[in-house]
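Each chain, letter by letter, is given below.
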Amino acid sequence: MLAEARETSSATVTLVLRFVRERGGVQLVADVLAAAGIIQSVEELEQISTWIGYDTRIRLFEAVTEALGPGTMFRIGESAAADRVHPAIAQLLSAFASPRAVYNQLPRMVPKFSTTSTLALVTISPTDATLSFHLHDGYAPSRLDCEYAQGLFSAVPRIFGLESAHTVQDECQSDGNLACVYHLTWSRRLHWWSWRSGRRAADRGFAALREQVQRIQLAEADLVSSDDIGEVLARIVGRAAAAVLAPSYLFVVKPTHGGAPLVHFSGLADDRAAELAGRLLEGASLGSSAVVVDVASTRQVHGRLAALYSRGQKPMDADRALLKAYASHAAAALDLFTALEDSRREESRSTALLALAHELATAGSTTGVADIIAAALPTIVACDAAAVLLWDAGLATLQAVACDGFEPGEREVLFATPIPAATTPELIGLLTNHEPVLVRADEASPLLVQLLGAIGAPNVVVVPMLDGDLLLGIAAAVWHGHLTPEVHCAAMTRIVGVSSQGATALQNARLLATVRHQSLHDSLTGLPNRVLFAERLDHALGENRAGTGTAVMFCDLDNFKKVNDDLGHGAGDELLRQVAARLRSQVRPGDTIGRLGGDEFAVLFTDLSCQSTALEMARRIVDNLNLPFHLAGRDLRISTSVGVAVYTGEGGRGERLLAAADTAMYEAKRTGRNQIAVSGETAADSSKPSLETELSVAIDRNEMRLHFQPVFNISGANGIRAVGAEGLIRWAHPRLGLLAPAAFLPLAEETGMITKLDLWAMGAACAALAGWSQPGDEPLHVAVNLASATLVDPRLLPTVRAALTKNHISPRRLILEVVESRALIDLPGVVERLTELRQLGIRISLDDFGTGFSTLAWLNSLPVDQIKIDRTFIMDIPSRSSVALVQGILALAQKLEIEVVAEGVETVDQLDTLRESGCALVQGYLLGRPAAIFDPAAVERANNGDLISGATNSNSGA
């Protein structure tokens with residue numbers, strides 16, 4: 001529903017407001033609009049595409065008359081022949097050679113300014129004319145409207161240097177007549193000043209034409225100022241009034257890349273616009289009341305543009321040429337927009353391809369790979385939706401595991417519908433030919449017809465992901481609209497490339513899953529091995545709450561060696577498999593069974609209310625294992641010695657509980673075998689939680705903090721300059737306050753939580769770095785310490801990549817610090833890991849340099865970019881021996897092209913000595929203590945001011 005009827009064009013409104021402005025200024029204009037109840041701004045009302053309703057027009061006429069007195073509307077109409085009138089009026093009135101020609105064309109001009117009236121020419125001669133002006137049914141006649149029309153009609157001769165026409169109104173619709181009838185007479189006698197008036201009329205005509213051309217050109221420039229196609233098309237419709245004044249406009253575009261036509265319009269109801277758009281697309285005529293042109297360039301036909309008048313009203317002869325000229329400008333604008341859009345799309349596609357390669361390289365599971373591919377396909381392929389389905393060879397079905405661009409209900413249907421090969425010919429062809437296929441919903445097999453209809457996917461390009469000849473799954477790109485051959489061909493090439501990358505990533509993910517499974521499971525029985533069992537035990541103890549317990553049952557087969565000796569190792573292996581099967585049959589779904597090595601098994605029981613529950617389950621298992629096993633054609637009985645340990649409450653340690661169960665098991669063997677021994681029940685100290693328990697959840701509870709100590713470059717002549725900061729972890733303990741690293745990092749290393757803390761610190765440091773202000777041209781850096789265990793942890797590289805990508809940080813701005821130690825140099829793969837980090841662009845720093853087992857061996861063995869001289873060498877400066885050691889380290893580093901940072905600078909003498917020795921980078925309490933917020937500009941100002949002040953005081957004291 002239209003907010004304002006389009007019944008009076010801006011030409012009339014502009015003429016009225018100009019007249020009022022010339023007599024009373026902008027304040028009178030505002031007063032008139034307020035009195036008329038018009039809420040639109042003056043700028044909006046005077047826009048060439050603006051139309052208002054008949055009722056609004058009459059209220060405006062009444063307000064103007066009230067403000068300026070009777071006869072005002074006649075004078076406003078008569079002013080249409082003056083200078084600076086609306087370009088459309090000036091062009092129309094000056095386009096003919098005589099008043100008679102103008103009056104003859106007036107009936108065709110009226111629709112450009114009003115849709116509520118019809119003008120008819122009754123009689124015409126060289127010096128007189130009779131006009132019939134009829135207000136359509138449903139509108140209340142107004143004498144002011146009649147007065148305005150009289151002024152407008154009488155002004156026509158004046159533009160040709162003649163006196164105004166004398167107007168006699170024979171009939172008025174306000175008096176109940178069918179129309180207002182005007183008889184106009186004018187003299188053809190020219191005055192001495194006629195040549196000037198004629199010249200001005202011609203000038204106005206040319207000026208109006210120039211202004212109209214300028215409007216069209218400006219419209220073209222404005223059309224491409226947006227990167228949204230909908231907004232661009234709406235602007236084309238909105239600016240069409242710059243070429244041809246009409247009550248309504250319609251623009252229909254066929255998208256370049258397929259899909260439903262785009263329809264934009266103004267001045268039409270939705271259903272009427274849809275009807276006319278359909279006729280335009282079919283190439284049908286819209287009748288004599290419409291001007292229709294193609295919006296086309298030498299490159300392509302974009303669509304069709306129509307200017308529409310009321311039924312029965314005909315456009316001017318020049319309207320088609322003007323609209324066609326505007327359409328050519330619009331086509332040029334659309335060409336430019338299309339080129340820009342293609343460029344943006346290619347840039348987005350290139351970015352998406354790079355991101356795809358990076359994300360696939362770090363994906364750790366098949367479902368993770370599928371999610372990445374499904375999310376990337378719409379951008380890379382320019383489709384509406386995408387899905388990835390994986391092949392289950394055992395069930396011979398495809399199952400959707402990831403999708404993007406579907407509604408929640410469609411997604412649910414897709415995930416709930418497996419596609420069996422037996423009843424899907426398209427799938428059989430895919431398995432046989434290994435070629436991409438286009439599946440159309442109206443041509444598919446019955447199952448696919450039903451599925452594609454339910455998920456709104458009429459056109460689907462399906463590409464197999466293969467490992468040699470083995471089908472891993474498919475990538476599917478969906479188009480909701482018509483898929484043109486050009487789009488299909490381009491999309492096919494791109495989706496094949498994506499699916500090829502996806503197939504490689506799926507192979508790697510499956511291989512990784514296999515390796516991961518093998519590394520955590522016993523190859524003989526398929527049970528979790530000691531490593532996985534210990535992880536689950538630690539997790540179970542971490543989930544313990546007051547009053548709940550966790551138990552470990554440690555089982556050892558009695559005299560197992562005799563089975564191997566008497567029946568052979570094959571029989572021994574079979575016995576172990578049968579024991580594993582019996583254990584599986586006796587435990588609850590949430591319990592864990594592990595083979596810890598040899599003939600040792602362990603069972604983890606969780607969520608226990610008391611020790612007796614664990615003992616009951618242990619007895620049931622022992623009784624079951626006492627039943628005979630069938631091995632090598634004979635029945636064999638074995639016995640089992642079992643130790644049970646239970647921990648109740650929070651703060652348990654897995655290795656301690658497992659050791660207690662192991663000890664209990666040996667007690668059972670010592671006292672006669674084939675029995676159960678129980679370790680003393682242990683419970684947490686309920687008075688307060690253990691520090692270990694609190695540390696395990698500190699990150700999840702957002703208790704960890706990073707403080708930053710600035711690093712400065714002191715080599716410049718203009719003072720010191722902040723170049724970055726070192727991130728130092730703190731724990732905002734809810735009971736103990738802010739804890740320094742020494743209070744909790746040793747515990748973290750002992751309990752295996754150090755890597756989790758390090759990875760959190762690295763991510764938090766990157767996030768902080770992204771938000772720092774940049775005081776100079778050189779980018780700031782941030783340094784983070786890594787423990788030995790973190791350095792060789794497989795999660796490090798993916799976490800580093802993700803943090804850099806998420807925060808849009810160059811790798812060169814991240815420094816990872818490692819501490820020299822004998823343990824680290826002996827870790828397998830440490831050199832390779834450091835090399836991988838440097839290949840990413842990350843810099844490696846050797847912290848506490850000079851305090852480890854062999855400094856020179858480190859520099860010779862490890863790929864490092866920076867060394868940090870330990871504070872123990874700095875604290876004795878300016879003693880001669882310390883200065884000599886520091887200068888020796890600086891000389892060695894310079895030869896090896898390694899950057900040096902001096903830590904622990906706390907006095908001005910130390911700072912001056914380091915500067916004189918050629919050390920460029922320093923950090924320490926003198927220049928800045930660790931703080932939660934790092935403001936490089938502020939610390940620069942503070943230190944430069946303090947140091948200058950300190951130097952001045954020192955000189956004056958001397």
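Residues numbered from 1 in each chain as written. Predicted model: local features only at pLDDT ≥ 70, side-chain atom pairs only at ≥ 80, totals over all residues. Heavy atoms only, no water.

As recorded in an unreviewed UniProt entry, the protein chain goes by the name EAL domain-containing protein, listed as coming from Cryobacterium glucosi.

Caption draft 1: The overall build of the protein chain, seen in detail. Each helix and strand in the protein chain was counted, giving 33 helices and 33 strands. The burial tally for the protein chain puts 48% of its 958 residues in the buried class. Considering only contacts in the protein chain between residues 6 or more positions apart, those separated by 24 or more positions represent 66%. When the accessible surface of the protein chain is split by element, carbon and sulfur atoms take 54% of a total near 44300 Å². (Helix = DSSP H or I, 4+ residues; strand = E, 2+ residues; numbered from the N terminus. Buried < 20%, exposed > 50% of the residue type's maximum accessible area, 1.4 Å probe, protein only. Contact = heavy atoms within 4.5 Å. Areas by Shrake-Rupley, 256 points an atom, 1.4 Å probe, with all protein chains shown as cover.)

Caption draft 2: Main features of the sheet that holds strand S9 (residues 290-296). In spatial order, the strands read S8-S7-S10-S9; together these four strands make up an open sheet with antiparallel pairing. Single-partner strands in this sheet number two, and they are strand S8 (262-266) and S9. For this sheet, the mean inter-axis angle between neighbouring strands, taken without regard to orientation, is 15°. Bridge analysis of strand S7 (residues 248-253) against S8 gives five bridges, and the strand direction is antiparallel. Its bridge partner lying in S8, Leu-250 is registered against Phe-265. On top of the sheet, helix H10 (residues 270-282) reaches S7, S8, S9 and strand S10 (301-308); it is set at about 50° to S7, its chief contact. (Pairing = 2+ DSSP bridges. Axes fitted to C-alpha atoms, helices over the stretch in contact; angles between N-to-C directions.)

Caption draft 3: Here's a closer look at the state of the cysteines. Applying the stated criterion to the full structure yields zero disulfides. With no disulfide of its own, Cys-172 lies 3.9 Å from the sulfur of Cys-180, the closest cysteine sulfur. With relative accessibility at 5%, the residue Cys-172 sits in the buried group. (Disulfide = S-S within 2.5 Å.)

Caption draft 4: Representation of the packing of aromatic side chains in the model. Going through the model one piece at a time under the given rule, you end up with eight aromatic pairs. Plain terms: the ring middles of Tyr-54 and Tyr-139 are 5.3 Å apart, the flat faces sit at 70° to each other, and that makes the pair edge-to-face. With Tyr-54 in helix H3 (residues 54-68) and Tyr-139 in the loop between strand S4 (128-135) and helix H7 (143-154), this pair connects stretches of sequence that are 85 residues apart. The exposure class of Tyr-54 is buried, given its relative accessible area of 2%. Between Phe-61 and Tyr-148, the ring centres sit 5.4 Å apart and the planes meet at 45°, which makes this aromatic pair tilted. Here Tyr-148 lies in helix H7 and Phe-61 lies in helix H3, a separation of 87 residues in the sequence. Here Phe-61 matches Tyr-148 in class, with each residue buried. One aromatic cluster is present, formed by Phe-133, Phe-153 and Tyr-182 through successive ring pairs. In this structure, Arg-23 is placed above the aromatic ring of Phe-19, and the distance from its NZ or CZ to the ring centre is 3.5 Å. (Phe/Tyr/Trp six-rings, centres within 6.5 Å; stacked < 30°, edge-to-face > 60°. Lys NZ or Arg CZ within 6 Å of the ring centre and 35° of its normal.)

Caption draft 5: The arrangement of H10 in detail. In a regular helix each residue adds 1.5 Å, so 13 residues correspond to 18 Å; H10 covers 19 Å between its end C-alpha atoms and thus fits that length. Along H10, the residues classified as buried are Ala-273, Leu-276, Ala-277 and Leu-280. Looking down the long axis of H10, one finds its buried residues gathered within 105° of arc, a one-sided arrangement. Facing away from the buried side of H10 by over 90 degrees, the exposed positions are Asp-271, Ala-274 and Glu-282. Against the buried residues of H10 lie S7, S8, S9 and S10. Of the residues trailing H10, Gly-283 is marked for its positive phi of about 80°. (Expected span 1.5 Å × (residues − 1). Arc of directions from axis to C-beta.)

Caption draft 6: Broad picture of the side chain of Glu-7. In this fold, Glu-7 is placed in the segment before strand S1 (8-9). Within polar-contact distance, the side chain of Glu-7 engages the backbone nitrogen of Tyr-54 at 2.6 Å. If sequence neighbours within four positions are ignored, Glu-7 has contacts with Trp-51, Ile-52, Gly-53, Tyr-54, Arg-57, Phe-113, Ser-114, Thr-115, Thr-116 and Tyr-139. (Polar contact = N/O pair within 3.5 Å; in protein donor to acceptor, adjacent residues only side chain to side chain.)

Caption draft 7: Main features of the packing of helix H19 (residues 569-586) against helix H20 (residues 611-625). The contact between H19 and H20 brings their axes to 10 Å, and the two run at 145°. Viewed along their axes, H19 and H20 form a crossing whose handedness is right-handed. Residues Val-579, Arg-582, Leu-583 and Gln-586 of H19 form the contact with H20, whose own contacting residues are Arg-620, Ile-621, Asn-624 and Leu-625. Along the lines of polarity and charge, the residues of the contact of H19 with H20 split into four nonpolar, two polar and two charged. (Left-handed = near helix turned anticlockwise from the far one by under 90°. Nonpolar A, V, L, I, M, F, W, Y, C, P; charged D, E, K, R; others polar.)

Caption draft 8: Representation of the pattern of salt bridges within the structure. Evaluated as defined, the whole model comprises 30 salt bridges. A salt bridge links Lys-561 to Asp-565; the nearest nitrogen and oxygen atoms lie 2.9 Å apart. Separated by four residues within a single helix, Lys-561 and Asp-565 lie in helix H18 (residues 560-567), roughly one turn from each other. Summarising the burial analysis for this pair, Lys-561 and Asp-565 share the class exposed. Between Asp-591 and Arg-588 there is a salt bridge, with the nearest N and O atoms lying 2.9 Å from each other. In this structure, a network of salt bridges that share partners links the residues Glu-726, Glu-817, Lys-868 and Glu-903. (Salt bridge = Lys/Arg side-chain N within 4 Å of Asp/Glu carboxyl O.)

Caption draft 9: Quick look at the sheet that holds strand S14 (residues 437-440). Across the sheet, six strands lie side by side as S13-S12-S11-S16-S15-S14; this open sheet has antiparallel pairing. Each edge of the open sheet is held by one strand with a lone partner, namely strand S13 (419-420) and S14. As judged from the four bridges shared by S14 and strand S15 (residues 459-467), these two strands associate in the antiparallel manner. Bridged to Val-437 within S15 is Val-462. Running over the sheet, helix H12 (residues 366-381) touches strand S11 (385-392), strand S12 (397-404), S15 and strand S16 (470-479) and is turned about 60° from S12. Helix H16 (residues 485-520) contacts S11, S14, S15 and S16 of the sheet and is inclined by roughly 35° relative to S15.

Caption draft 10: Focus on the nonpolar core. Ranked by size, the top nonpolar core spans 72 residues in total, and within it Leu-695, Leu-814, Leu-816, Leu-914 and Val-922 carry the most contacts. Sort the elements by how many residues they give to this core and helix H24 (residues 754-771) lands first, with eight residues. If near-sequence neighbours (up to four positions away) are discounted, Leu-695 is found in contact with Trp-731, Phe-744, Leu-747, Ala-748, Met-753 and Leu-757. Judged by nonpolar contacts, the second largest core, of 52 residues, contains Leu-131, Ala-149, Leu-233 and Ala-241. (Core = buried A, V, L, I, M, F, W, Y, C linked by side-chain atoms within 4.5 Å.)

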